[in-house]
Amino acid sequence: MNIKNNKILILDFGSQFTQLIARRVRELGVYCEVWPWDVDFALIKEFNPKGIVLSGGPESVHLDDGPQLDGRIFDLKIPVLGICYGMQAIAHHFGGSVVPSDEKEFGYAQVELTNKSGLLQGLFDKEQGFLDVWMSHGDKVDVMPQGFVATSKTATAPITSFENGDAQIYGLQFHAEVEHTTQGRKIFERFLFGICACEKLWKTDNIIQTHIKSIKNQAGNDKVLLGLSGGVDSSVVAALLHQAIGDNLVCVFVDTGLLRYKEGDQVMQTMADDMDINVIRVNAQQMYYDALKGESDPEKKRKIIGGLFIKIFEEEARKLDNVKWLAQGTIYPDVIESAASKTGKSHVIKSHHNVGGLPADMNLKLLEPLRDLFKDEVRKMGVALGLPKAMVYRHPFPGPGLGVRILGEVKQKYAQILAKADHIFITELVKWDLYDKTSQAFAVFLPVKSVGVVGDARRYQYVIALRAVETIDFMTARWAHLPYEFLEHVSTRIINEIDKVSRVVYDISSKPPATIEWE
Ligand code: XMP
């Protein structure tokens, strides 16, 4: 079975929701890929999708330099679904007209069915005859394209969807991919299974089996090297490679002394002891503290931490015989972003230090078994491969670790205080059932002293700041409104249990203008 046999192509016109479209399609069990709107048509033909989805986008179709739809996709005679900008591009292509709306429509709207619709029929609230949807657009279709019928409207917009049933071309002005469109999943289901006739093949077990097979094919009997960080992606790569090639996988785990509380031991326990994976632990704590001595500039600290990692990893790699491959935990969003159209807007990608370039003379080939997976798919795979849920669903942790959470110069004693305070905060978040409600939470060490009274004694010690945010994409974030009783409890525990701390503060800055990390 080829689980990529029936697949959907998503052409990205720059919408913030494009990846959500892909995740919806995949969740429903169909493989899809996201490509920039200006990709070569020959590649689309060769990809041979069962259907195409055109995403939304920030531009207007009537701008000469805006992204243009390649009309040859309609010669392929496969179903096409255009969402927002995608619908407008279809209208424009088939001779309709698109004009700026008098008012930009943003947020909830209720649409009403105005005609029979192959895509939307039967999904409307039976009693009220409405569908709750999410709108976000500045332009609208004003004159219908030839061969199409309008199928729904809102109180203010007469055309919010249209279709040409014979040609299987559909347009939606609203965003069916966001949660707020209550029947969004059903609409995609209708498109994928009712219209494109896809089969549900993209399921975790199938994905694992297929990936194991392809890793075996690629690596054969070669040895593969992997830098293990304790994070989700590298742990899942390790578990997957271990199933595929067993002891031919060699992992190097560098304990930098800047990891979370007892993280080094936990990584070894889970990966080496429980899962029987080949892991070499390098205890480099002192090397890191020495290298960071006297340095308080955040960027220079990052460079030192990243550079030292590469040096240590390289040294370990050179000790091993016969390694032919370097495995990396690249995931699909990284691939999409680095392939973004030259004209489209792409996000700034953070450079991760986890695996740096290895020297060319080692001639290692690159193995990236998670390249076609989204984070939620990687997580599901991790659990199915036997990794503990708590590890797989852990908040993200930056490559430089506690190094960017100790403000200014890094010292071993600061790292120890911080790891303890962070552990108390996280343990309590879990206990109070708040961990999964925050996207990222951690403690920060402030190297300033303040006065306190504990018992009858005066205490003149350091300050710990607690940071917790809610976010979807980590590009913007809101500080988490944690209950006062909870914060009080955590603060009391930290001050009582860590005598080098005299004060705890809570960070109430959102991003922007602040960033999530303090350095
Ligand atoms: P900021 O602080 O930029 O963080 O708002 C956004 C997200 O990125 C993580 N982050 C990093 N991850 N290396 C990493 O691997 C880094 O140098 C780094 N700096 C920030 C941060 O934890 C948050 O999730």
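Residues numbered from 1 in each chain as written. Predicted model: local features only at pLDDT ≥ 70, side-chain atom pairs only at ≥ 80, totals over all residues. Heavy atoms only, no water.

Draft legend 1. Expanded view of the pairing of strand β3 (residues 51-54). Every second residue of β3 is oriented toward a common face, with G51 and V53 on one face and I52 and L54 on the other, all of them buried. Relative to β3, strand β1 (residues 7-12) is paired through 4 bridges, and the arrangement is parallel. Residue L11 lies in a different strand from β3, and its bridge partner there is L54. Two strands pair when backbone bridges link them, and β3 and strand β4 (residues 80-83) are joined in this way by 3 bridges, in the parallel orientation. Each residue of the ladder has a partner; that of L54, found in β4, is G82. (Buried < 20%, exposed > 50% of the residue type's maximum accessible area, 1.4 Å probe, protein only. Helix = DSSP H or I, 4+ residues; strand = E, 2+ residues; numbered from the N terminus. Pairing = 2+ DSSP bridges.)

Draft legend 2. Up close: a positive patch on the surface. Taken together, K293, K411, K413, K449 and K500 make up a surface patch of like positive charges. Mapping K411 onto the fold places it in the loop between α12 (389-392) and α13 (412-431). (Patch = residues over 30% accessible without salt bridge, like charges linked within 9 Å, V, L, I, M, F, W, Y side chains within 5 Å. Areas by Shrake-Rupley, 256 points an atom, 1.4 Å probe, with all protein chains shown as cover. Salt bridge = Lys/Arg side-chain N within 4 Å of Asp/Glu carboxyl O. Lys, Arg positive; Asp, Glu negative; His and termini not counted. Charge placed at Lys NZ, Arg CZ, Asp CG, Glu CD.)

Draft legend 3. How the structure looks around the site of the ligand. What surrounds the ligand is a group of 12 residues, the closest being R302, Q440, K511, I516 and E517. Q440 is positioned with one of its side-chain polar atoms (N or O) 2.8 Å from an oxygen atom of the ligand. Considered on its own, the ligand offers 500 Å² of accessible surface; in the complex 89% of this is hidden by protein. Of the residues belonging to the shell around the ligand, the class tally is 4 nonpolar, 4 polar and 4 charged. (Near = heavy atom within 4 Å. Polar contact = N/O pair within 3.5 Å; in protein donor to acceptor, adjacent residues only side chain to side chain. Nonpolar A, V, L, I, M, F, W, Y, C, P; charged D, E, K, R; others polar.)

Draft legend 4. Looking closely at the environment of K380. Along the polypeptide, K380 turns up in helix α11 (residues 375-384). Taking the relative accessible area as the measure of exposure, K380 reaches 44% and is therefore partly exposed. Setting aside its immediate chain neighbours within four residues, K380 contacts T204 and Y393. (Contact = heavy atoms within 4.5 Å.)

Draft legend 5. Just the sheet that holds strand β12 (residues 279-283), in detail. One open sheet accounts for 5 strands, arranged β12-β11-β10-β13-β14; its pairing is parallel. The strands lining the two open edges of the sheet, one partner per strand, are β12 and β14 (365-367). Between one strand axis and the next, the sheet turns through 30° on average, direction left out of account. Pairing of strand β10 (residues 223-228) with strand β11 (residues 249-255) involves 5 bridges; the strand directions are parallel. When the sheet's bridge partners are listed, L225 is paired in β11 with V250. (Axes fitted to C-alpha atoms, helices over the stretch in contact; angles between N-to-C directions.)

Draft legend 6. Structural view of the pattern of salt bridges. Overall, the coordinates contain 26 salt bridges when judged by the stated rule. Of the charged contacts in the structure, one is a salt bridge between R302 and E299, with a shortest N-O distance of 3.7 Å. Of the two residues, R302 and E299 are both situated in helix α9 (residues 298-319); the distance of 3 residues between them amounts to about one turn of the helix. Looking at R302, the relative accessible area reads 26%, which means it is partly exposed. We note a salt bridge from E517 to R405, for which the minimum N-O separation is 2.9 Å. Of this pair, E517 sits in the segment after β18 (501-506) while R405 sits in the loop between α12 and α13, and the two are 112 residues apart along the sequence. With a relative accessible area of 12%, E517 lands in the buried category. With relative accessibility at 2%, the residue R405 sits in the buried group.

Draft legend 7. The domain arrangement of the protein, seen in detail. Looking at the assigned domains, one finds that the protein contains domain 1 (7-195), domain 2 (204-392) and domain 3 (405-506). The contact between domain 2 and domain 3 buries some 1,000 Å² in all, and 64% of this surface belongs to carbon and sulfur atoms. The largest share of the area that domain 2 buries against domain 3 comes from Y261, Y289 and K301, three residues that together contribute 50% of it. Taken together, domain 2 and domain 3 are joined by 0 salt bridges. Here the side of domain 2 that touches domain 3 takes 3 residues from helix α8 (residues 285-292), the largest share from any one element. (Domains from an automatic or database assignment. Buried area = accessible area lost by both parts, 1.4 Å probe.)

Draft legend 8. Representation of the environment of T160. Along the chain, the position of T160 falls in the loop between β7 (149-153) and β8 (161-164). Linking T160 and E112, residues 48 residues apart in sequence, is a C-alpha distance of 9.0 Å. Setting aside residues no more than four positions away along its own chain, T160 makes contact with M87, V111, M135, S152, K153, T154, G171, L172, Q173 and F174. Polar contacts involving the side chain of T160 include one to the side chain of S152, which spans 2.7 Å.

Draft legend 9. Up close: α13. End to end, α13 covers 29 Å across 20 residues, agreeing with the expected 28 Å (1.5 Å per residue, within 8%). Y414, A415, I417, L418, A419, A421, D422, I424, F425, I426, E428 and L429 are the residues of α13 that are buried. Packing partners of the buried residues in α13 comprise α8, β15 (440-454), β16 (457-470), α14 (484-497) and β18. (Expected span 1.5 Å × (residues − 1).)

Draft legend 10. A look at the packing of α8 against α9. Here α8 crosses α9 at 145°, and the two axes come no closer than 10 Å. For the pair α8 and α9, the crossing hand works out as right-handed. Between α8 and α9, the contacting residues are M287, Y288, A291 and L292 on the first element and K301, I304, I305, L308, F309, K311 and I312 on the second. (Left-handed = near helix turned anticlockwise from the far one by under 90°.)

Draft legend 11. Geometry of the packing of helix α6 (residues 232-245) against α11. Remark: α6 packs on α11, axes separated minimally by 10 Å, with the N-to-C direction vectors making an angle of 45°. Regarding the angle of α6 to α11, the classification is oblique. Helix-helix and strand crossings are classified by hand; for α6 and α11 the assignment is left-handed. Residues V232, D233, V236 and L240 of α6 form the contact with α11, whose own contacting residues are K375, V378, R379, M381 and G382. Partitioned by chemical class, the residues of the contact of α6 with α11 number 5 nonpolar, 1 polar and 3 charged. (Parallel < 35°, antiparallel > 145°, perpendicular 65-115°, else oblique.)

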